[in-house]
Amino acid sequence: MAKRNIVLIVGASRGLGLALAEEYCARDFHVIATVRSPSAALDRIAARFPASLTIETADITDVRSVEALRQRLAGRTLDTLFVNAGICLARDDTPKDVREQEFLAMMLTNALSPMRVVELFEHQVSRNGVIAVMSSELGSIAHNPGAWELYSSSKAALNMLMACFSKRYAGDSRALLLVAPGWVRTEMGTDAAALSIEESIPHVVAAVEAQAGRPGLRFIDRHGKTLPW
Ligand SMILES: NC(=O)c1ccc[n+]([C@@H]2O[C@H](COP(=O)([O-])OP(=O)(O)OC[C@H]3O[C@@H](n4cnc5c(N)ncnc54)[C@H](OP(=O)(O)O)[C@@H]3O)[C@@H](O)[C@H]2O)c1
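To keep things clear, this report deals only with the structure shown in the data block.

About the thresholds
- Residue positions are given per chain, counting from 1 as you read along its sequence in written order.
- Where totals are concerned, whole chains, interfaces and linings use all residues; where local detail is concerned, this predicted model gives features only for residues with pLDDT of at least 70, and gives and counts side-chain atom pairs only at 80 or more.
- The side-chain figures draw on all heavy atoms in the structure; neither hydrogens nor water molecules are used.
- Only heavy atoms are used to decide nearness, and a residue is near a molecule or strand if one of them lies within 4 Å of it.
- Nitrogen and oxygen atoms within 3.5 Å of one another constitute a polar contact, given that in protein one can donate a hydrogen and the other can accept it, and given that sequence-neighbouring residues count only through two side-chain atoms.
- All accessible-area figures derive from a Shrake-Rupley calculation using a 1.4 Å probe, and residue coverage is judged against the displayed protein chains alone.
- Only DSSP runs of H or I reaching four residues or more are called helices, and only runs of E reaching two or more are called strands; each is numbered from the N terminus.
- Gly is put with the polar residues, along with every residue not named as nonpolar or charged; the nonpolar set is Ala, Val, Leu, Ile, Met, Phe, Trp, Tyr, Cys and Pro, and the charged set is Asp, Glu, Lys and Arg.
- Each axis is a line fitted through C-alpha atoms, taken for helices only over the stretch in contact, and angles between the N-to-C directions span 0 to 180 degrees.
- Orientation is classified from the angle alone, with under 35 degrees giving roughly parallel, over 145 giving roughly antiparallel, 65 to 115 giving roughly perpendicular, and any other angle giving oblique.
- Two helices crossing with the near one rotated counterclockwise from the far one by less than a right angle form a left-handed crossing, whereas a clockwise rotation gives a right-handed crossing.
- In this analysis, two residues are considered to be in contact whenever any of their non-hydrogen atoms come within 4.5 Å of each other.
- Among the buried residues, those of types Ala, Val, Leu, Ile, Met, Phe, Trp, Tyr and Cys that are joined through side-chain atoms within 4.5 Å form a nonpolar core.
- Only protein chains enter the accessibility calculation, which uses a 1.4 Å probe; a residue is then buried when its area is under 20% of its type maximum, exposed when over 50%, and partly exposed in between.
- Strand pairing is assigned whenever DSSP identifies at least 2 bridges connecting the two strands.
- Call a crossover right-handed when, viewed with both strands pointing away from you, the route from the first strand across the helix to the second goes clockwise.
- Should a side-chain nitrogen of Lys or Arg be within 4 Å of a carboxyl oxygen of Asp or Glu, the pair is scored as a salt bridge.

## Details of the site of the ligand
Taken together, 28 residues lie around the ligand, and Ser-13, Arg-36, Tyr-151, Val-184 and Thr-186 are the ones closest in. Here Asp-59 contributes a side-chain N or O atom positioned 2.8 Å from a nitrogen atom of the ligand. Tyr-151 is positioned such that a nitrogen or oxygen atom in its side chain is 2.6 Å from an oxygen atom of the ligand. Calculation on the ligand without its partners gives an accessible area of 900 Å², and the protein chains cover 93% of this total. Put simply, the parts of the chain that give the shell around the ligand at least two residues each are helix 1 (15-26) and helix 5 (149-168). The residue makeup of the shell around the ligand, split by class, is eleven nonpolar, twelve polar and five charged.

Okay, here's the thing in structure tokens:
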């Protein structure tokens, strides 16, 4: 029997992460999907794909929680690691009016913590596997029109940390991806966003999986097109 690919999706309770879990199940991956607290929506996907989906718990800002997840998953080889979790606070604020705690929370959740997950799990990702982190078009310094500036700066910081990781792991055989899903209607994206989840996530998964076996760092959109830093 052919071996099923395994994906670990970090942050899958709702929104894009929930849709990633469903899409990978539909593609017959074995999916390990994390939540911070129970998600009825993810439970419903688990009921539809009982042989495919395992639900785990982790808060990426709590290093002990991530370490505990690593211990529970010790010995599992991942084909894809996809860190999706993120937050957007103080969307329309500027450096002069943002509450420091909100800016720090975004830097912790969107930049440091995803990369800490990558650092802690990279040794479990197969040699021809994929390490993907959900970034944003807004994290592109070249393309950002001046929108959501504090959130955007946390995604630019994420991109820098992943670029530095790729330098430390020069010659690594895995694909290292920063993924921009487009502006999508979720709690974070709001109803004003251009895309439905269905118009983004199936493309995101196809683009990410098309990168398997292609070593090196790339910042890509949902169609796999390279974005400017
Ligand atoms: N929607 C867009 O237009 C868009 C565009 C570009 C990039 N993105 C990025 O895509 C990712 C998902 O966004 P979304 O639109 O789906 O947002 P969302 O609907 O607000 O969902 C955010 C997800 O992240 C999880 N999360 C937040 N903090 C966490 C933590 N400390 N530990 C573990 N999980 C945590 C949430 O879990 P809880 O349910 O426990 O809060 C939830 O599952 C984010 O990284 C976001 O920045 C979104």
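Picking up after the structure, the text goes on.
## Here's the deal with the packing of helix 4 (residues 100-121) against helix 5
Between helix 4 and helix 5, whose axes approach to 9 Å, the crossing angle comes to 25°. Relative to helix 5, the element helix 4 is oriented roughly parallel. When the axes of helix 4 and helix 5 are compared, the crossing they make is right-handed. Counted together, Phe-103, Met-106, Met-107, Asn-110, Ala-111, Leu-112, Pro-114, Met-115, Val-118 and Glu-119 of helix 4 and Leu-150, Tyr-151, Ser-153, Ser-154, Lys-155, Ala-157, Leu-158, Leu-161, Met-162, Phe-165 and Arg-168 of helix 5 form the full contact between these two elements.

## Let's talk about the nonpolar core
Counting residues in each nonpolar core, the largest one holds 34 residues, and the members touching the most others are Leu-20, Tyr-24, Val-31, Leu-42, Phe-82, Val-179 and Val-208. Breaking this core down by element, the ones donating at least two residues are strand 1 (6-10), helix 1, strand 2 (30-35), helix 2 (40-48), strand 5 (125-134), strand 6 (175-180) and helix 6 (197-210). The biggest single contributor to this core is helix 1, with seven residues. Residue contacts for Tyr-24: discarding those within four places in its chain leaves Val-7, Ile-9, Phe-29, Val-31, Thr-80, Phe-82, Val-205, Val-208 and Glu-209. Core analysis: the next-biggest nonpolar cluster, separate from the first, contains 30 residues, Leu-8, Leu-73, Met-115 and Val-117 among them.

## As for the pairing of strand 3 (residues 53-57)
Where strand 2 lies against strand 3, five bridges are found, and the strand directions are parallel. From the neighbouring strand, Val-31 faces strand 3, where its bridge partner is Leu-53. Of the crossover connections in this fold, the one passing from strand 2 over helix 2 to the parallel strand 3 is right-handed.

## Structural notes on the pattern of salt bridges
Oppositely charged side chains are able to pair whenever their charged atoms sit close together. For the coordinates displayed, the defined rule picks out twelve salt bridges. Among the ionic pairs, Glu-23 bridges to Arg-27, the shortest N-O distance being 3.3 Å. For Glu-23, a relative accessible area of 18% corresponds to the buried category. Taken together, the shared-partner salt bridges connect Glu-122, Asp-172 and Arg-174 into one network.

## Brief notes about unusual backbone geometry
For Ala-90, which is not glycine, the phi dihedral falls at a positive 45°. Positionally, Ala-90 belongs in the loop between strand 4 (78-83) and helix 4. Accessibility expressed as a relative area gives 17% for Ala-90, which makes it buried.

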